[in-house]
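# Architecture at a glance
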Amino acid sequence: MPTAARLIAALCLAALAWLVSDMIKPLFDEDKNFGFFNLINLGLGFVLGWQVIGSRAGRGMGAAINNGLTGGVLLLFWGLLLHSAIKMFELSMRGRYDGFFDAFLAVFDMMYESAILIGTPLILTTLIVGASVTGLFAEMTSRRAS
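Figured I'd write up the structure that's included with this text. Everything quoted here is computed from the prediction, not taken from an experiment.

Our next topic: the side chain of Thr141. With respect to the helices and strands, Thr141 occurs in helix H5 (residues 121-145). Not counting residues within four places of it along the chain, the set of residues in contact with Thr141 comprises Ala4, Ala5 and Ile8.

Right, let's get into the packing of aromatic side chains. Tallying each qualifying case throughout the model produces six aromatic pairs. Their ring planes at 75 degrees and their centres at 5.1 Å tell us that Phe104 and Phe108 sit as a pair that is edge-to-face. With a gap of four residues between them, Phe104 and Phe108 both fall in helix H4 (residues 100-118), about one helical turn apart. Counting every residue linked through ring pairs, the aromatic cluster contains Phe28, Phe34 and Phe37.

This part is about helix H1 (residues 4-24). Taking 1.5 Å as the rise per residue, H1 with 21 residues should run 30 Å; its terminal C-alpha atoms sit 30 Å apart, in good agreement. Among the residues of H1, those classed as buried are Ala5, Arg6, Ala9, Ala10, Leu13, Ala14, Leu16, Ala17, Val20, Ser21 and Ile24. Burial along H1 is one-sided: seen end-on, the buried residues are contained in an arc of 165 degrees. Next to the buried residues of H1 lie helix H2 (37-53), helix H3 (61-93), H4 and H5.

Attention now goes to a nonpolar patch on the surface. Side chains of Met61, Ile65, Leu69, Leu76, Leu124, Ile128, Val129, Val133, Phe137 and Met140 sit close together on the surface and give an oily, nonpolar patch of about 750 Å² of accessible area. Those elements that place two or more of their residues in the nonpolar patch are H3 and H5. No other element matches the six residues that H5 contributes to the nonpolar patch. You can see Phe137 is positioned in helix H5. According to the relative accessible area criterion, Phe137 is partly exposed, its value standing at 38%.

On to the packing of H2 against H3, then. H3 packs onto H2 with a crossing angle of 140 degrees between their chain directions and a minimal axis gap of 9 Å. In this structure, H2 crosses over H3, and the sense of that crossing is right-handed. Where H2 approaches H3, its residues Phe37, Ile40, Asn41, Leu44, Gly45, Leu48, Val52 and Ile53 are matched on the opposing element by Asn67, Gly68, Thr70, Gly71, Leu74, Leu75, Trp78, Gly79, Leu82, His83 and Ile86. Of the residues contributing to the contact of H2 with H3, the split by class is eleven nonpolar, eight polar and no charged.

One broad trend across soluble globular proteins is that nonpolar side chains are buried collectively. By size, the foremost hydrophobic cluster in this structure holds 30 residues, and its most contacted members are Leu75 and Tyr97. If you list the elements that add at least two residues to this core, you get H1, H2, H3, H4 and H5. The dominant element in this core, judged by the number of residues it contributes, is H1, at seven residues. Not counting chain neighbours up to four residues away, the residues in contact with Leu75 comprise Leu13, Ala17, Asn41, Leu44, Gly45, Leu48 and Leu127.

Quick notes on the rules
- Residues numbered from 1 in each chain as written.
- Predicted model: local features only at pLDDT ≥ 70, side-chain atom pairs only at ≥ 80, totals over all residues.
- Heavy atoms only, no water.
- Helix = DSSP H or I, 4+ residues; strand = E, 2+ residues; numbered from the N terminus.
- Contact = heavy atoms within 4.5 Å.
- Phe/Tyr/Trp six-rings, centres within 6.5 Å; stacked < 30°, edge-to-face > 60°.
- Expected span 1.5 Å × (residues − 1).
- Buried < 20%, exposed > 50% of the residue type's maximum accessible area, 1.4 Å probe, protein only.
- Arc of directions from axis to C-beta.
- Patch = residues over 30% accessible without salt bridge, like charges linked within 9 Å, V, L, I, M, F, W, Y side chains within 5 Å.
- Areas by Shrake-Rupley, 256 points an atom, 1.4 Å probe, with all protein chains shown as cover.
- Salt bridge = Lys/Arg side-chain N within 4 Å of Asp/Glu carboxyl O.
- Axes fitted to C-alpha atoms, helices over the stretch in contact; angles between N-to-C directions.
- Left-handed = near helix turned anticlockwise from the far one by under 90°.
- Nonpolar A, V, L, I, M, F, W, Y, C, P; charged D, E, K, R; others polar.
- Core = buried A, V, L, I, M, F, W, Y, C linked by side-chain atoms within 4.5 Å.

What follows is the structure, encoded as structure tokens:
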């Protein structure tokens, strides 16, 4: 059921995803084509904000911070998984992998490499603080709406 808290959580986490996406881009090679990188993360942030943070709003401030952190961790995990799977699909179309299992393991290899690359203190701090604030905004919205 749509609520104001879900909408606020979705918009805030989507904005956080866009911000972190822009912070990640300089860490990669200059000639890397990012394509729909920001838009994919924006959509992922919107969906996770709506489903994870917004649906759990109204349980108190401590729970709000935990919900926000959960949403931030899930955003990081699903973002890494989704972009690694896209990269694996592109490489598999070029015939790089011998079979399904080789391609499947490559996804987790790419997730690990990307996590190490983007695991800078600035990006992690931005993600933690932004996700916590998102949870708090959803909680405050839930209290105002009811």
